[in-house]
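# Observations on chain architecture
Chain by chain, the residues run as shown.
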Amino acid sequence: MSQKQPSILSATLLLAAAIAMSGCASGKMLRRGDALSRQGDWDAAIAQYQEVLNENPDNQEARSKLVMARTNAALFHRQEGLKQHRVGDLKRAQLELELSVRLDPTNEAAAIDLRNVSEELEDVERDRRSRRTSLEDAVESARTAASPTPMLEPRTTGAMTFDYRRATLKEIYRAMGRLAGINVLFDPDVDNEETSFFLENTPFEQALAIITLTYGHFYRVMSSNTILIAPDNQNKRRQYTTQVMRTFYLSNAQAEVVANTLRTILQARLVAEDPELNVVTIRDTPEVVELAERIIGSIDKARGEVLLDVEIFEVNRALLDQYGLSLSSFATVASVSQTDVGLALKDLGNITQQDVFITVPSLRYQFLRENTDFKLIANPQLRASDGQLSSMLVGEQRPVVSTTFNPQNTSGGDVIPISTTEYRDVGIRISATPRVHHNNQVTLQLEIEVSSVIGETGPQQLPIFSTRSLQTTLRLLEGETNLLAGLLRDDERTVLRGIPVLSSIPLLRNIFTSTEKQVSQNDIVLAITPHIIRMADIRAEDLETVYVGTEANVGGGSTGGGRGSSRGRGQNNQGDRAGGVDPVDPVDISITPAILTATVGQRFSVQINLSGSAEINNAGLRISYNAVALRFIEATEGSVLSSDGARTSFQAVGGQQGSVAIGIGRVGDGGGVLASGTLATLTFEAIAAGESDIRFASSVLRNSEGRPIPVSPSPSRVRVSGTP
């Protein structure tokens, strides 16, 4: 008895110390929540009070303050929602009002505002859809249509364990089929060797793909519950693999480019394009055609567009100075009086001083200054597509005559010249090729040419052209203005006229000479401002990695056609519901808490909760978050699927590119359970200040028959501060 007393005393002291430390931590968080409340940061205060209640559920002070903070936060988010509604941001208004209603469900005014905003959003979406063309509706209908090939629908969709020892392959295939409710047929050439096969925690279709690949087989889906196993060789593939044909009417991409892409990436041989209709037709297996649809959807995108606002300033200035002594003619001319027909030889001896005339140049002193200014201001706009060359000309076209001589074109032995007239652009030519970047920046490949006529030459007065050109590449922000200058031309000419000898004497030079000075300046300044009108419609699914199978079997899987896609499966299930199966009420799936605050370096957890009356057997979720602000740590399974003691399988993969994939299901034929409770718990670490929405990128819940259950998802918002 005496030996146990020290251990009991130690445990008591440790428990008291833990309670004291917990009380200190709770008090610190409570004081922090009070400080945040005084600052009006109600969302952060809610997170602090909630943490106190998580550690001490009986803390009445924290509970009352939490109620007050939730009420004030609801009022704040309602006001924010109304503000966003006034400025026309309906989606942001809906989000703020949803937060207000979730924080205070008794706020009837917020609920009414939310309903009104949601109805406005539905009207806007309905109006947008009504503006779609019939061709767009047809393309969308074809994209969401069910697969024309049968799809395998195993009775059990969760993970299972397959353990077969010293059994033949056909026995193993049949046993696996019985587990999943699938009939198994065999090609006559399938070998039946004895072997052992073990897989744990693996879904049926994945296990079937593994065993067929391991033993050199493939399977063809004959119906929703029947498959045929055959040896995997070229002849059997050609015999059993089904093919489909699909025609894609392209809206933006060029048919030749798309066809070459399909031939290169998918190794598709039966691909034809029609450039006139901009159409691509492919015939291949359903998997390859589905991959082709995915590729075409990723590259058939409208190009981004840029509006270039160009301002052109051209200034010409000419200065002419003329001053000094100017003679009417720099020559003295002697002449003899004579008749109209000339002077006879006999009259030479009769010439007197009165018959001889001498012309002396007249003198004048001139003072002239001429100043000419010319200014051109233009503000054209140039709209260009991403990666496409666009050009503009501010100026005119001048005719240029060229003459050629063809020895074969003669007339009477003389070569007849051939004159042709061509027109050359004169003025300012701007050519631009924009490239729109994802960060709202624009790269411009610019070529600027300034040309003018500076004179004429030759008997035909052919024009003499002056050309200045500039080639450069700029990277500008959207709306940033860049000035291009330096296209300056400065000409200066000085002419000195005077009397020989006298014009060379320094003191007399300025008296007996005439000076003419011409100065001309031409300067051009261009201001270019890019404005992004639209960017390429690149979505998240366009950036995802796509499974395409192996090099020998492009398309994926060992089915050789027939599995179909999840899209087709979903469409078929919708058809089943329309055929008489009772509709299932939506299940609310939410990430809680709806709002929380964390500091850099702090770890926190959110829960994925279900609330509904439907029965659920398995779930597949993809959660997205801001990878700049948060880091995914781990995911743990909740208790909803195992609430009746059934075995479950759980798998979570995440931490890359801001997403987490979660798969969870009941093992065996345990049916379903009520969709009410915690499905999973996610743990994150705050790594940088900012905000992040933790939301469902996709959420699929299924019942025990494999049919999807409609869901109503709700996200969570995390605010990360830089200091604790």
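Remember, it's a predicted structure, so these values are computed and weren't measured experimentally.

Cut-offs and rules
Residues numbered from 1 in each chain as written. Predicted model: local features only at pLDDT ≥ 70, side-chain atom pairs only at ≥ 80, totals over all residues. Heavy atoms only, no water. Helix = DSSP H or I, 4+ residues; strand = E, 2+ residues; numbered from the N terminus. Buried < 20%, exposed > 50% of the residue type's maximum accessible area, 1.4 Å probe, protein only. Contact = heavy atoms within 4.5 Å. Areas by Shrake-Rupley, 256 points an atom, 1.4 Å probe, with all protein chains shown as cover. Core = buried A, V, L, I, M, F, W, Y, C linked by side-chain atoms within 4.5 Å. pLDDT = per-residue confidence, 0-100. Salt bridge = Lys/Arg side-chain N within 4 Å of Asp/Glu carboxyl O. Pairing = 2+ DSSP bridges. Axes fitted to C-alpha atoms, helices over the stretch in contact; angles between N-to-C directions. Phe/Tyr/Trp six-rings, centres within 6.5 Å; stacked < 30°, edge-to-face > 60°. Lys NZ or Arg CZ within 6 Å of the ring centre and 35° of its normal. Arc of directions from axis to C-beta. Parallel < 35°, antiparallel > 145°, perpendicular 65-115°, else oblique.

### A few points about the overall build of the chain
Tallying secondary structure elements over the chain gives 12 helices and 32 strands in all. Expressed as a percentage of the 724 residues in the chain, the buried residues total 37%. Summarising the internal contacts of the chain: among those between residues at least 6 apart in sequence, 72% fall at separations of at least 24. Looking at the chain as shown, the accessible area adds up to about 41700 Å², and 50% of this sits on carbon and sulfur atoms.

### Observations regarding the nonpolar core
Of all hydrophobic cores here, the largest spans 38 residues; its most connected members are Ile608, Ile623 and Ile694. Of the residues forming this core, the biggest block, 7 residues, is contributed by strand β28 (residues 673–686). By size, the runner-up hydrophobic cluster in this structure holds 26 residues, among which are Leu169, Phe204, Leu208 and Ile211.

### Focus: the confidence of the model for the chain
Low pLDDT marks regions whose predicted coordinates should not be analysed in detail. In this model, the chain carries a mean pLDDT of 78, and residues with pLDDT of at least 70 account for 77%. Predicted confidence for residues 1–22 stays below pLDDT 50, and this span has 1 contact to residues more than four positions away or in other chains. Below a pLDDT of 50 lies the segment residues 557–583, which in the model reaches 70 contacts outside its immediate sequence neighbourhood of four places, other chains included.

### Details of the pattern of salt bridges
Counted by the stated rule, this structure contains 27 salt bridges. When the shortest N-O distance is used, the salt bridge between lysine 236 and aspartate 189 registers 2.9 Å. Taken together, the residues lysine 236 in helix α9 (residues 234–240) and aspartate 189 in the loop between β2 (183–186) and β3 (194–203) connect sequence positions 47 residues apart. Residue classification places lysine 236 among the buried positions, given a relative accessible area of 11%. Between glutamate 273 and arginine 263 there is a salt bridge whose closest N-O contact spans 2.9 Å. Residue glutamate 273 is found in strand β7 (residues 271–274), and its partner arginine 263 is found in helix α10 (residues 255–266); the two are separated by 10 residues along the sequence. By relative accessible area, arginine 263 is classed as partly exposed at 29%.

### Remarks on the sheet that holds strand β6 (residues 244–249)
Pairing is antiparallel across the open sheet formed by 3 strands, whose spatial order is β6-β8-β7. The open sheet has two free edges, formed respectively by β6 and β7, since each of these has just one partner strand. Looking at each pair of strands side by side, their axes are set apart by 15° on average, direction ignored. Taken together, the 4 bridges between β7 and strand β8 (residues 279–284) define a ladder with antiparallel strand orientation. By the bridge assignment, alanine 272 is partnered in β8 with threonine 281. The sheet contacts of helix α11 (residues 286–299) involve β6 and β8, and relative to β6 the element is tilted by about 10°.

### A closer look at the sheet that holds β2
The strand order β2-β5-β4 describes an open sheet built from 3 strands, whose pairing is mixed. Looking at the sheet topology across the chains shown, the edges are occupied by β2 and β4 (217–223). Between one strand axis and the next, the sheet turns by 30° as a mean value, whatever way the strands run. Bridging between β4 and strand β5 (residues 226–231) involves 6 bridges; their strand directions are antiparallel. Counted as the bridge partner of serine 223 is threonine 226 from β5. Its contacts with the sheet place helix α7 (residues 169–180) against β2, β4 and β5, and it is angled at close to 155° to β2.

### Brief notes about the packing of aromatic side chains
Counted by the stated rule, this structure contains 4 aromatic pairs. Ring centres 6.0 Å apart and planes at 55° place the aromatic pair tyrosine 173 and phenylalanine 186 in the tilted group. Here tyrosine 173, found in helix α7, pairs with phenylalanine 186, found in strand β2; they are 13 residues apart in sequence, far enough to count as distant. For the residue pair tyrosine 173 and phenylalanine 186, the accessibility class agrees, reading buried in each case. Note on tyrosine 625 and phenylalanine 684: the rings are 5.1 Å apart at their centroids and 65° apart in plane angle, and the pair reads as edge-to-face. Of this pair, tyrosine 625 sits in the loop between β24 (618–624) and β25 (630–637) while phenylalanine 684 sits in strand β28; the two residues are 59 residues apart in sequence, bridging distant segments of the chain. Classification of tyrosine 625 as buried rests on a relative accessible area of 9%. The buried category is assigned to phenylalanine 684, whose relative accessible area is 0%. One aromatic cluster is present, formed by Phe604, Tyr625, Phe632 and Phe684 through successive ring pairs. Across from the ring centre of phenylalanine 186, 5.4 Å away, lies the NZ or CZ of lysine 170, which sits over that ring. Arginine 237 extends its terminal NZ or CZ atom over the ring of phenylalanine 218, reaching a point 4.4 Å from the ring centre.

### Considerations on helix α8 (residues 204–214)
Within α8, the full set of buried residues consists of Phe204, Ala207, Leu208, Ile211 and Thr212. In a view along the axis of α8, the buried residues occupy a sector of 125°, so they form one face of it. Exposed and facing more than 90 degrees away from the buried side of α8 are Leu213 and Thr214. Those residues of α8 that are buried lie in contact with β1 (159–168), α7, β3, β4 and β5. Glycine 216 sits one or two positions beyond α8 and adopts a positive phi of about 70°.

### Some points on the packing of α7 against α8
At a minimum axis separation of 11 Å, α7 and α8 run at an interaxial angle of 170°. Here α8 runs roughly antiparallel to α7, going by the angle between their axes. Residues Ile172, Tyr173, Met176, Gly177 and Ala180 of α7 touch α8, and the partners they reach there are Phe204, Ala207, Leu208, Ile211 and Thr212.

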